[in-house]
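A look at the structure
In case you want the letters, here they are:
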Amino acid sequence: MDDAPEAEPDAEPVTGRPGGAARVRSYVLRGGRLGSGQRRALDELGPHFVLPFSGGPLDWAAAYGRSAPRVVEIGFGMGDATAAVAAAQPGIDLLGIEVHEAGVGALLRRIGEQGLANVRILRHDAVEVFERMIAPSTLAGVHLWFPDPWPKKRHHKRRLVQPAFVALLASRLEPGGYLHCATDWEPYAEQMLEVLAGEPRLVNTAAGFAPRPAWRPLTRFEQRGLALGHHVRDLVFTRSSAPARCTP
Ligand SMILES: C[S@@+](CC[C@H](N)C(=O)[O-])C[C@H]1O[C@@H](n2cnc3c(N)ncnc32)[C@H](O)[C@@H]1O
C-alpha cells in the first residue's frame, strides 16, 4: 500500500512466467490485520464484486450486466478515489485492480455503503491482468494514480511506468481512449513523461505535464504527499487513431 516503497523488497520472489523468464514485481505483499468492517465486506460483498483472475479475456457484459465504456484503475490503495469516480460517473464500468486484501476490503465497504453498482475488483498483479484479461483496443480509460514511486535507485526496476508496460496499456486502449497518470515524486514524474512521450501509440493532451483535471478526486496517497510539501504532476495521454508502428 502507500508505505510499500519504504519496505525492503529484495527478498520478494519474482514472478515465474511462461518461457521461464522472471519478472520483478511492482509491489511487496505485506500482512496486516483487517478491520472488522473490511472483513465483513470481503465475506459478504466479495463474492458479488470481486472477479476471479483467469487466463482468458474478461467478459465485461457478464460481469457488469450491461455494455458501457470501460475504465480500469491500477493500484487503487484503499479505494477512496475509485468510489468517488464510480459515484460521479455511473455511466462507466470501472474495474479496480489492487493486490492488498485490506484495500480490497476497504473498497468493498464503500461499495456497500454507497450502493455502487458499476465497480468490480480484481485482486491480482495488474501487469498479468492486462496481459491476460484485457483485450486489445477495448478500454475508454486507464487510471494510474500515485503508483509506488520506489525512490531508491536499486528499486527503480520495480516502477510500473516503464516502456514495456506502457506499450501494453496503450495497446489495450481504444482509439481516443486515455491514460491518466499522476505522481507526487518529481523524478518519477519526469520518467513518466519520457516513457509516455516515447510510446508511439500515445499523444500528449498537454505540452508536458497536464493541468489536474477537476474531476480527478484527491487520493489518500496524494494527500500524504501534499502534507509533505510535494508537488503533484498529472499526465494525460490519449491513444491516437493512426495505425501503430508496432503491434501488441
Ligand atoms: C502508492 S499506493 C497508491 C494508492 C492509491 N492509488 C492512492 O493514490 O492513494 C500504490 C498502490 O498500488 C498497488 N500496486 C502496486 N503494484 C501493483 C500491481 N502490479 N498490481 C496491482 N496493484 C499494485 C499497491 O498495493 C498500492 O496499494
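Use the structure listed above.
Everything in this summary refers to the structure shown in the same document. Quick caveat, the model's predicted, so the values are computed rather than measured.

Around the ligand sit 25 residues, and of these Gly75, Gly77, Phe146, Thr219 and Phe221 come closest. Within the residue set of the shell around the ligand, elements represented by two or more residues are helix 5 (126–132) and helix 8 (220–227). Looking at the shell around the ligand, its residues break down into 13 nonpolar, 6 polar and 6 charged.

For helix 1 (residues 36–49), built from 14 residues, the straight-helix expectation of 20 Å at 1.5 Å per residue is met to within 8% by its first-to-last C-alpha distance of 18 Å. Along its length, helix 1 shows its largest kink, about 40°, at Asp43, and proline Pro47 lies within four residues downstream of that point. Taken together, the buried positions of helix 1 are Gln38, Ala41, Leu42 and Phe49. Its buried side turned inward, helix 1 meets strand 3 (50–51), helix 4 (101–114) and strand 6 (119–122).

Let us look at the pairing of strand 6. One face of the sheet, then the other: side chains in a regular strand alternate in exactly this way. Here 2 bridges tie strand 3 to strand 6, and the two strands are oriented parallel to one another. Note that in strand 6 the partner of Leu51 across the bridge is Leu122. Considered for its hand, the β-α-β crossover made up of strand 5 (residues 93–97), helix 4 and strand 6 is right-handed.

Conventions we followed
Residues numbered from 1 in each chain as written. Predicted model: local features only at pLDDT ≥ 70, side-chain atom pairs only at ≥ 80, totals over all residues. Near = placed C-beta within 6 Å. Helix = DSSP H or I, 4+ residues; strand = E, 2+ residues; numbered from the N terminus. Nonpolar A, V, L, I, M, F, W, Y, C, P; charged D, E, K, R; others polar. Expected span 1.5 Å × (residues − 1). Bend = angle between axes of the 7 residues up to and from the residue. Buried ≥ 20, exposed ≤ 12 C-beta atoms within 10 Å, placed from the backbone. Contact = placed C-beta atoms within 7 Å. Pairing = 2+ DSSP bridges. Right-handed = clockwise from strand over helix to strand, strands pointing away.

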